[in-house]
Amino acid sequence: MRGRLQFAGLVLLLFVLFAAAWGYFYKESQQAANDQVEFLIGVSQANLIEPWRVVMNREIIEEAAKHKNIRIIFTDAAQSSQKQIKDVEQLLQQGVDLLIISPNDSAELTPIVAEAYKHIPVIVLDRGVQGYDYTLYIGPDNRAIGREVGKYTAELLESKGGNVVEIQGPKGLPSVRDRSEGFWDILRQYPGIKVTDIIVADWQRDKAEDEMVKLLDRQSKVDVVFAHSDYMALGAYKAAAACGRNFEIIGVDGFTGAGGGLELVQAGVLQGTFTCDTGGKEAVQYAVDILNHERGIPKKVILRSKKITRGNVFDCLKPETGKEQQKSNRKICLGFSQLGAESDWRKANSKSIKEAARAADIELLFMEANQEQEKQIQAIRYFITQKVDVIAFSPVVENGWTEVLEEAKLSGIPVIILDRAIQPDDDSLYESFIGSDFREEGRRAARWLLENSRNGQPVTIVELAGTVGSAPAIDRQQGFAEIISAYSQYKIIYSAPGDFTQAEGKEVMQEALRIYGNGIQVVYAHNDDMALGAIQAIEEFGLRPGKDILIVSVDGTKAAFAAMLAGKLNCTVECTPLLGPQLMQAISGLMAGRKLPVRIIAAEGVFPQETAHREYPYRTY
Ligand code: AHR
């Protein structure tokens, strides 16, 4: 008996010693882990009842785990904007270094996001906020997703037409509205296809199933169901099984893993799905770059959506691998076709590309095309024969690229578009577009004008347009017109192309002055170089640029700032040419097997004359 007691005592003693040692080492290792934490990131999630958001948080956790120096604090607003505002306030009190927020409601969350942005960087995910008071927005293009679903529906129904049911997420959400509008934009072109019913299933599988069962009771012919999420699509499938019916089902989300859209396509539950990445992973990657003060952080990142069908689902399930290129440690070779050297902007852009390539140790074949599309096409073909690893180019005009881009695709060389977009915008022909939002630049110029011109009085405007058929000329014209068209006193009395050069800008202005003389109140120039040409013409005409005639232009070059300091230019809307670092970063990522966003939009500001003296010393182009 005594021996047994002694033994029990010994076991107890050993247990206590073990527990104490374990506790000590655990505390030490926790302390060590805490010591490594440099940055606290707050994640304010709108709700966790949508499976998509659960995946978003999971991606954030997985990506954050790759960085020992960051710690994440999550909050869940449970679909309440009031709660989300409080969540953000608390995160700020806890001293987070950066906020990632996926807003419950864009308008209601705008003020607190703006407040947070005064103190720390803010990344907005999925639903945007109003204005520009945030560091970076990351999200999908829901309208484009809807359009792609529409095209696929038409493809499935071919010429025979048929009945379609649309299953939507909650009413009033911008993502739901955009997906639906995109879908209808396409289906309107097919009179034989009828959307007979719309079900609102609030992202819930069971609700989709219940409502679909009721619908199948009364609707004898359903050919295709488009569900705004794979989860609701699964509900539609269950309803079909329960009612012994058969139709094609298309979903959205395309998650990997158990129960995800890819598995559902593979199993034949869904005919197809369109990926809608959450941006969780990218948010952490950019957060790390922002916290490390990396250069060239964009303002907007639009994620790529991919069509997944039974034909390609197996390829999509394979793990992503880096290119052989990277394995062989050979230098990456980039073929870049620059459209010309027409402006200060362009020269700065070329310099930025060359310097960034050198810094990233990327071999660069650089060819300039003198603003001639044919020369750019020849350059791209030359790069293909040289078997470069990547081709990038700034297209002089929007149209006419499909054939040569198909040739690049056939030869397996990825293409990145820089600065100017192409039409038709077939994003299967390129990996990513990196550039500015030209339409927004036009809107910004117009907004500045509205705020700075005599209200109620007629305002006569001369527009110096960029190269005919080029993306910046088209978009800046449309963006400007979109804003001023709401005010009848603003009239564009003369508009002509000046090809983005100072010499032609001057010529166009001379002609406008010859026709309208003193009757011109405002010049809107699509770039600074043309505005500088206009300034010369106005002075030669005997008027005072910046005083007798207000001038607003786009780019933000050093020369434009000098003109503002001299009082001759009133405002310049920034369009950054410093895209080299972002391009090289994208290329390195691509070569390492990373999926690129479909659009990366640069961060830019507006500089009225009054701010010129502050900013001038920092202008680098
Ligand atoms: O594509 C960008 C435009 O091209 C710039 O605004 C203009 O200056 C340049 O020539």
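One can find the structure itself at the top, above this paragraph.
Residues numbered from 1 in each chain as written. Predicted model: local features only at pLDDT ≥ 70, side-chain atom pairs only at ≥ 80, totals over all residues. Heavy atoms only, no water.

For helix 19 (residues 528–541), with 14 residues, the first-to-last C-alpha span of 20 Å sits near the 20 Å given by 1.5 Å per residue. Among the 14 residues of helix 19, 10 are classified as buried, and the element is accordingly described as predominantly covered. Listing the buried residues of helix 19 in full gives Asp528, Asp529, Met530, Ala531, Leu532, Gly533, Ala534, Ile535, Ala537 and Ile538. Once helix 19 finishes, Gly542 follows within two positions and takes phi at roughly 95°, a positive value. (Helix = DSSP H or I, 4+ residues; strand = E, 2+ residues; numbered from the N terminus. Expected span 1.5 Å × (residues − 1). Buried < 20%, exposed > 50% of the residue type's maximum accessible area, 1.4 Å probe, protein only.)

Counted residue by residue, strand 6 (residues 162–168) has 7 buried out of 7 residues, so it is predominantly covered. In this region the chain leaves strand 6, passes through helix 6 (residues 174–187) and returns to the parallel neighbour strand 7 (residues 193–200); the handedness of that crossover is right-handed. Across 4 bridges, strand 6 lies against strand 8 (residues 224–227) in parallel orientation. Opposite Val164, over in strand 8, you have Val224 as the bridge partner. (Right-handed = clockwise from strand over helix to strand, strands pointing away. Pairing = 2+ DSSP bridges.)

Bringing the packing of helix 7 (residues 205–218) against helix 8 (residues 230–243) into the picture now. Orientation of helix 7 relative to helix 8, taken along the N-to-C sense of each, is 40°, at an axis distance of 7 Å. In this view, helix 7 runs oblique relative to helix 8, as classed from their interaxial angle. Along this stretch, helix 7 crosses helix 8, giving a crossing that reads as right-handed. From helix 7, Arg205, Ala208, Glu209, Met212, Val213 and Leu216 reach across to helix 8, where they touch Tyr231, Met232, Leu234, Gly235, Ala236, Lys238, Ala239, Ala240 and Cys243. (Axes fitted to C-alpha atoms, helices over the stretch in contact; angles between N-to-C directions. Parallel < 35°, antiparallel > 145°, perpendicular 65-115°, else oblique. Left-handed = near helix turned anticlockwise from the far one by under 90°. Contact = heavy atoms within 4.5 Å.)

As a further point, take the site of the ligand. The ligand sits among Glu342, Ser343, Trp345, Arg346, Asp419, Arg420, Phe438, Pro472, Arg476, Phe500, Asn527 and Asp555. The separation between an oxygen atom of the ligand and a polar side-chain atom of Glu342 is 2.3 Å. A distance of 2.8 Å separates an oxygen atom of the ligand from a polar atom in the side chain of Asp419. Contact with the protein chains hides 100% of the accessible area of the ligand, taken as 280 Å² for the molecule alone. Comparing atom positions with the cavity grids shows the ligand to sit within the largest cavity. Contributing elements (two or more residues each) for the shell around the ligand: helix 13 (344–359) and helix 17 (471–484). Both domains that furnish three or more residues to the shell around the ligand are identified here as domain 3 (333–431) and domain 4 (438–575). (Near = heavy atom within 4 Å. Polar contact = N/O pair within 3.5 Å; in protein donor to acceptor, adjacent residues only side chain to side chain. Areas by Shrake-Rupley, 256 points an atom, 1.4 Å probe, with all protein chains shown as cover. 1 Å grid on protein atoms, 1.4 Å probe; cavity = no way out; pocket = protein on both sides within 12 Å on 5 of 7 lines; lining within 4 Å. Sits in = over half its atoms within 2 Å of the grid points. Domains from an automatic or database assignment.)

With 66 residues, the main nonpolar core has Ile41, Ile123, Ile138, Ile416, Leu583, Met584 and Ile587 as its most contacted residues. When residues of this core are assigned to their parent elements, the largest contribution, 7 residues, is made by helix 10 (residues 280–291). Beyond its immediate stretch of four places on either side in the chain, Ile41 contacts Ile70, Arg71, Ile72, Ile73, Val96, Leu98, Ile100, Ala287 and Leu291. (Core = buried A, V, L, I, M, F, W, Y, C linked by side-chain atoms within 4.5 Å.)

So, on to empty space enclosed by the protein. Applying the stated criterion to the full structure yields 1 cavity of 30 Å³ or more. Trp345, Arg346, Arg420, Arg476 and Asp555 are the residues nearest the centre of the largest cavity, which is lined by 13 residues in total. Listing elements by their share of the lining of the largest cavity, those giving two or more residues are helix 13 and helix 17. Here the lining of the largest cavity is composed, by residue class, of 5 nonpolar, 2 polar and 6 charged. (Points joined across faces, edges and corners; volume = space filled by probe spheres on them. Nonpolar A, V, L, I, M, F, W, Y, C, P; charged D, E, K, R; others polar.)

Now for the sheet that holds strand 12 (residues 307–309). Either a parallel or an antiparallel arrangement is found when strands of a sheet pair, and the pairing is made through backbone hydrogen bonds. Strand order in the open sheet formed by 6 strands is 7-6-8-9-10-12, and the pairing between neighbours is mixed. With partners counted over all chains shown, the strands left at the sheet margins are strand 7 and strand 12, one partner each. Between one strand axis and the next, the sheet turns through 20° on average, direction left out of account. Contacts from helix 7 reach strand 6, strand 7 and strand 8, with the element oriented near 135° to strand 7.

Bringing the packing of helix 13 against helix 21 (residues 580–591) into the picture now. Running from amino to carboxyl end, helix 13 crosses helix 21 at an angle of 45°, the nearest separation of the two axes being 7 Å. Viewed along their axes, helix 13 and helix 21 adopt a mutual orientation that is oblique. Crossing angle aside, the handedness with which helix 13 passes helix 21 is right-handed. Where helix 13 approaches helix 21, its residues Ser352, Ile353, Ala356 and Ala357 are matched on the opposing element by Gly580, Pro581 and Met584.

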